[in-house]
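# Architecture and fold: a report
One-letter residues, chain by chain:
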Amino acid sequence: MREPRLRYDVLVVGAGPAGLAAAHAAAASGARVGVVDAQPRGGGQVWRHDLERGVPAAARRALRVLDTLGVTWMPQVQVTMAQPGWLLADCREGPRQLHYRALVLATGARELLLPFPGWTLPGVTGAGGAQALSKLGWPLRGKRVVVAGSGPLLLASAATLRAHGAQVLGIHEQASAHALRAFALRLPRWPGKAAQALALRTRLLGVRYRTDSIVVAAHGDDAVREVEIESPHGRRRIACDQLAVGYGLVANTELAQLLGCRLEHEGRHPRVAVDPMLRTSVHGVFAAGEALGIGGRDCALVEGAMAGYMAVGAEAMAERLRRRRRRARAFAEQLRSAFALRPAVHAAAREDVLVCRCEDVPLGAVLGMANAREAKLASRCGMGACQGRVCGTALAELGLARAERFSDGRRRPPLFPVRLDALAGSFLHDPRDIPS
Ligand SMILES: Cc1cc2nc3c(=O)[nH]c(=O)nc-3n(C[C@H](O)[C@H](O)[C@H](O)COP(=O)(O)OP(=O)(O)OC[C@H]3O[C@@H](n4cnc5c(N)ncnc54)[C@H](O)[C@@H]3O)c2cc1C
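Being a predicted model, the structure only gives us computed values, none of them experimental.

With that out of the way, let us pick up the sheet that holds strand β10 (residues 167-173). Taken in spatial order, the five strands of this open sheet run β8-β15-β9-β10-β11, and their pairing is parallel. Of all the strands in the sheet, just β8 (124-125) and β11 (209-210) have a single pairing partner and so form its edges. One ladder, built from six bridges, connects strand β9 (residues 144-149) with β10; its direction is parallel. Considered in β10, the bridge of Arg-144 is made with Gln-167. The sheet contacts of helix α3 (residues 127-135) involve β8 and β15 (242-246), and relative to β15 the element is tilted by about 125 degrees.

Here is the structure:
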């Protein structure tokens, strides 16, 4: 039996700021627009629904506008396979084929997690992961939390955790004081960003922010009890109930890769390559937001609108946004250099530390492997639930020359686990069957 098919002029994958802005722009031009997202609610990472507080007003407005414009919203739909012209989506009701004239990829980013001794202990999560869990109702009241790693997400995460009742013991940023001072001096060129940073610091009054401060180990038994931090003053241990540690974000490029879109490198990680009007290398496929490299919410919003206009052929409207996009991307570049990871962060990943926590594979077991296939066959690295999204990304970041092929852009990466009946249906499909 084949899956039901749905047709859209413009299909948007991802309902974060970029996807919502794209859908708005395209639908306002009169197109039939569909938006899919794996999550049950729209808003993406930054506007994730908070069980206690709801969503920010900006997100509410964005979602309401789509409703008014008649956009088809498909939550809890995972795109699991892709061909030019149609996608295979796994919905609660079963598999669906989603056909499009133009596609906007707004698949966002995920957190970069790096291995260190103790990183698999219960109570150790990503910084963004802890933030997401707290919004989903994970109990934090009174818990002592250390926030660590790198990037502005540490401040956002700490502020959310505190608002949910956690006692934030400190924020440990790996970047040097010198790099952050230079960044702060340039910040007034982006007054909106400076105001955001100030607002976050105000919400975190009384919480120490330490630079040059690197997590080298977490200690505990059935859960984390202490975190060990290295700084220019030496090593020290901090007793805690929770460690939220993340090293910035990496673009979700897998869907673009499946479609055959060209990727390029952002440091050691891939991002979707686009021309100045956000066209990917595949005809009719546009991309926006963090999938193009880490740029933040404002960048995602302006790129989403550009991609939406481009998807309906309104190039002149998109053109008008180019200057704003350039400015937002220039800020992202400043962030990237200020928070670049230092060798001491990588050095915490010792050979006996698990790199693939799904399959319990230590780093030493994959060193020297010729490629991802060899590493999988020999060790099962990357074959667990995350399908290499965590360990493959960590290996690429660690700069293990041979491991870089985990994300070399030539493979067809898995997106989500897919049911056999959905897969079988997709092979039976003949695009000529579809009425135009
Ligand atoms: C864990 C985390 C927490 C963050 N918290 C903050 C914060 O507090 N403040 C801040 O300023 N920035 C935060 N960010 C940064 C944030 O990524 C951006 O600022 C902003 O959300 C980017 O918007 P976007 O639309 O590009 O992507 P996102 O907001 O990431 O949205 C992408 C969406 O695409 C969906 N998707 C991806 N692939 C598929 C698929 N195959 N099928 C179906 N759906 C798919 C995802 O479910 C997601 O909802 C966070 C990032 C992460 C990873």
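The next thing to look at is a positive patch on the surface. Taken together, the side chains of Arg-189, Arg-323, Arg-326 and Arg-327 present a region of like positive charge at the surface. Relative to the helices and strands, Arg-323 resides in helix α10 (residues 322-338). Overall, the relative accessible area of 66% leaves Arg-323 in the exposed class.

A separate point is the sheet that holds strand β12 (residues 214-220). Pairing in this open sheet of three strands is antiparallel, and the strands run β12-β13-β14 from one edge to the other. Unpaired on one side and paired on the other, β12 and β14 (234-239) mark the two borders of the sheet. Mean inter-strand twist for the sheet, computed between neighbouring axes without regard to direction, equals 25 degrees. Note: β12 against strand β13 (residues 224-231), six bridges, orientation antiparallel.

When cut into domains, the chain gives domain 1 (5-110 + 250-337), domain 2 (115-246) and domain 3 (345-407). Each of domain 1 and domain 3 has a C-alpha centre, and these two points are 30 Å apart. Between domain 1 and domain 3, roughly 660 Å² of surface is buried when both sides are summed, and carbon and sulfur atoms account for 46% of that area. Of all residues in domain 1, Arg-110, Arg-268 and His-269 bury the most surface against domain 3, accounting for 71% of the area lost on that side.

Right, let's get into the pairing of strand β2 (residues 33-36). Burial of β2 is two-sided: the residues Val-33 and Val-35 facing one way and the residues Gly-34 and Val-36 facing the other way are all buried. Crossover connection from strand β1 (residues 5-13) via helix α1 (residues 17-28) to parallel β2: handedness right-handed. Pairing analysis gives three bridges linking β2 to strand β3 (residues 72-74), with the strands arranged parallel. Looking at β3, one finds that Val-36 is bridged to Met-74.

The local shell around the ligand holds 30 residues, among which Ala-18, Asp-37, Gln-45, Gln-131 and Glu-290 are the closest. A distance of 3.3 Å separates an oxygen atom of the ligand from a polar atom in the backbone of Pro-17. Asp-37 places a side-chain nitrogen or oxygen 2.7 Å from an oxygen atom of the ligand. Taking 970 Å² as the accessible area of the ligand by itself, protein coverage stands at 88%. Residue assignment for the shell around the ligand shows that the elements contributing at least two residues are α1, β4 (78-83), β7 (109-111), α3, α4 (153-163) and α8 (297-311). Among the residues forming the shell around the ligand, the class breakdown is 14 nonpolar, twelve polar and four charged. When residues of the shell around the ligand are assigned to domains, at least three map to each of domain 1 (5-110 + 250-337) and domain 2 (115-246).

What follows concerns the pattern of salt bridges. Opposite charge on two side chains permits them to pair, given that their charged atoms come into close proximity. Applying the stated rule across the entire model yields 25 salt bridges. One salt bridge connects Glu-264 with Arg-271, and the closest N-O pair in it is separated by 3.0 Å. Its relative accessible area of 27% is what places Glu-264 among the partly exposed residues. Judged by its relative accessible area of 19%, Arg-271 is buried. With a shortest N-O distance of 2.8 Å, Glu-303 and Arg-329 are connected by a salt bridge.

Before going further, it helps to examine the side chain of Asp-37. Its place among the elements puts Asp-37 in the loop between β2 and α2 (57-68). In contact with Asp-37, other than residues within four places in its own chain, are Gly-14, Ala-15, Gly-16, Trp-73, Met-74, Pro-75, Gln-76 and Val-77.

With that settled, consider the packing of α1 against α2. At a closest axis distance of 10 Å, the pairing of α1 and α2 adopts a crossing angle of 35 degrees. As for the relative orientation of α1 and α2, their crossing is left-handed in sense. Counted together, Leu-20, Ala-23 and His-24 of α1 and Ala-62, Leu-63, Val-65 and Leu-66 of α2 form the full contact between these two elements. Taken together, the residues that form the contact of α1 with α2 break down as six nonpolar, one polar and no charged.

Before going further, it helps to examine the packing of aromatic side chains. Counted according to the given criterion, the structure contains three aromatic pairs. Taken together, a centroid distance of 6.1 Å and an interplanar angle of 45 degrees make the contact between Phe-183 and Phe-331 tilted. In this pair, Phe-183 is assigned in helix α5 (residues 177-186) and Phe-331 in helix α10, connecting sequence segments 148 residues apart. Like Phe-183, the residue Phe-331 is buried in the burial classification. Each ring, one from Phe-183 and one from Phe-339, has its centre 5.9 Å from the other, and the planes form 70 degrees; the classification is edge-to-face.

Analysis parameters
- Residues numbered from 1 in each chain as written.
- Predicted model: local features only at pLDDT ≥ 70, side-chain atom pairs only at ≥ 80, totals over all residues.
- Heavy atoms only, no water.
- Pairing = 2+ DSSP bridges.
- Helix = DSSP H or I, 4+ residues; strand = E, 2+ residues; numbered from the N terminus.
- Contact = heavy atoms within 4.5 Å.
- Axes fitted to C-alpha atoms, helices over the stretch in contact; angles between N-to-C directions.
- Patch = residues over 30% accessible without salt bridge, like charges linked within 9 Å, V, L, I, M, F, W, Y side chains within 5 Å.
- Areas by Shrake-Rupley, 256 points an atom, 1.4 Å probe, with all protein chains shown as cover.
- Salt bridge = Lys/Arg side-chain N within 4 Å of Asp/Glu carboxyl O.
- Lys, Arg positive; Asp, Glu negative; His and termini not counted.
- Charge placed at Lys NZ, Arg CZ, Asp CG, Glu CD.
- Buried < 20%, exposed > 50% of the residue type's maximum accessible area, 1.4 Å probe, protein only.
- Domains from an automatic or database assignment.
- Buried area = accessible area lost by both parts, 1.4 Å probe.
- Right-handed = clockwise from strand over helix to strand, strands pointing away.
- Near = heavy atom within 4 Å.
- Polar contact = N/O pair within 3.5 Å; in protein donor to acceptor, adjacent residues only side chain to side chain.
- Nonpolar A, V, L, I, M, F, W, Y, C, P; charged D, E, K, R; others polar.
- Left-handed = near helix turned anticlockwise from the far one by under 90°.
- Phe/Tyr/Trp six-rings, centres within 6.5 Å; stacked < 30°, edge-to-face > 60°.

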